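Summary of structural features
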Amino acid sequence: CLEKARWFRKLFGGGIRQSGALAAAADYALTNHLPLLPHTHQLASFVATSLAALGVQILLPVETNMLWIGTAHLGFTLRDLIARAKTDAGITLGGARLIVHFQVTEEACRHLVEVVRVLVEESKGQADLSELDVAQSASFAKGQQIGRAS
C-alpha cells in the first residue's frame with residue numbers, strides 16, 4: 001500500500017526535487033508576461049477583423065490571442081500564404097492557426113495583413129466566395145459566436 005501511495009505521489013508531481021526553479025519561472029511569467037496578455041488579445045482581434053475584411057474565413061471565434069483561418073476560397077492555399085509571409089515579410093506561419101505571442105509587434109501584424117491583401121489581389125479571378133459565410137467570419141473576428149464553424 002505504501003508503494004502504491006509513492007507511485008501516485010510521483011505520478012502527480014510529488015517526485016520533483018528542487019522545484020524552486022519551476023516556482024521562480026512561474027512567478028516571473030505571472031509577474032512579467034501576464035500583464036501583456038490583453039495587448040496580445042487586441043492584436044489578435046486586429047488581425048482577425050482585418051483578415052475577415054479581406055475575405056479570409058475566420059473559422060472560430062477569436063477570444064484570446066489565437067485565430068484559425070481558411071483561405072482556399074480566395075484562390076490561394078495556406079501553403080501559398082506561409083511561403084509569401086516568409087519571403088515578403090519574414091513572418092513564419094505554421095498553418096491555419098495563428099498565435100499572437102507577447103513578442104509579436106503591431107508592425108508584424110500589419111505586414112501579415114498586407115501580405116494577405118496582396119495575395120487576395122493576385123488571386124481575384126480564382127476566388128470562390130460562394131461557400132464563405134461573411135457574417136459568420138466577421139462575427140468570429142469580433143469574438144462572437146453565431147452559427148457554427150464549418
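Computed from a predicted structure; not experimentally measured.

1. Some remarks on helix α3 (residues 37–53)
Compared with the 24 Å implied by 1.5 Å per residue over 17 residues, the 24 Å span of α3 between its first and last C-alpha is a close match. Of the residues making up α3, those classed as buried are T40, L43, A44, V47, A48, S50, L51 and A52. On its buried side, α3 packs onto β1 (57–58), β2 (66–70), β3 (97–99), α5 (106–122) and α6 (134–141). Downstream of α3 by one or two residues, G55 has phi in the positive range, about 100 degrees.

2. So, the sheet that holds β3
Sheet architecture is open: 3 strands sit in the order β1-β2-β3, paired in antiparallel fashion. A single partner strand is all that each edge strand has here, and the edge strands are β1 and β3. Sheet topology note: the β1/β2 ladder contains 2 bridges and is antiparallel. Bridged to Q57 within β2 is G70.

3. Looking at the layout of surface pockets
The volume enclosed by the largest pocket comes to roughly 250 Å³. Taken together, 14 residues line the largest pocket, and the ones lying closest to its centre are I91, L93, L98, I99 and L112. Breaking the lining of the largest pocket down by element, the ones donating at least two residues are β3 and α5. For the lining of the largest pocket, the per-class residue count stands at 11 nonpolar, 2 polar and 1 charged.

4. Points about the nonpolar core
One finds L51, I58, L67, I69, L81 and L112 to be the most contacted residues of the largest nonpolar core, which totals 28 residues. Elements with a minimum of two residues in this core: α3, β2, α4 (78–89), α5 and α6. Counting residues per element, this core draws most heavily on α5, which supplies 7 residues. Each residue touching L81, except ones within four places of it in the same chain, is listed here: I69, T71, F76, L93, L112, V115, V116 and L119.

5. Digging into the packing of α3 against α6
How two helices pack is summed up by the angle between their axes together with the distance between the axes. Contact pair α3 / α6: the axes reach a minimum separation of 8 Å and the direction vectors enclose 165 degrees. The pairing of α3 with α6 is recorded here as roughly antiparallel in orientation. Like other packed secondary-structure pairs, α3 and α6 cross with a definite hand, here left-handed. Along the contact surface, α3 presents S45, A48, T49 and A52, while α6 presents S137, A138 and A141. Considering only residue class, the contact of α3 with α6 consists of 4 nonpolar, 3 polar and no charged.

Analysis parameters
- Residues numbered from 1 in each chain as written.
- Predicted model: local features only at pLDDT ≥ 70, side-chain atom pairs only at ≥ 80, totals over all residues.
- Heavy atoms only, no water.
- Helix = DSSP H or I, 4+ residues; strand = E, 2+ residues; numbered from the N terminus.
- Expected span 1.5 Å × (residues − 1).
- Buried < 20%, exposed > 50% of the residue type's maximum accessible area, 1.4 Å probe, protein only.
- Contact = heavy atoms within 4.5 Å.
- Pairing = 2+ DSSP bridges.
- 1 Å grid on protein atoms, 1.4 Å probe; cavity = no way out; pocket = protein on both sides within 12 Å on 5 of 7 lines; lining within 4 Å.
- Points joined across faces, edges and corners; volume = space filled by probe spheres on them.
- Nonpolar A, V, L, I, M, F, W, Y, C, P; charged D, E, K, R; others polar.
- Core = buried A, V, L, I, M, F, W, Y, C linked by side-chain atoms within 4.5 Å.
- Axes fitted to C-alpha atoms, helices over the stretch in contact; angles between N-to-C directions.
- Parallel < 35°, antiparallel > 145°, perpendicular 65-115°, else oblique.
- Left-handed = near helix turned anticlockwise from the far one by under 90°.

Treat this as a map of the structure, not an account of what it does.
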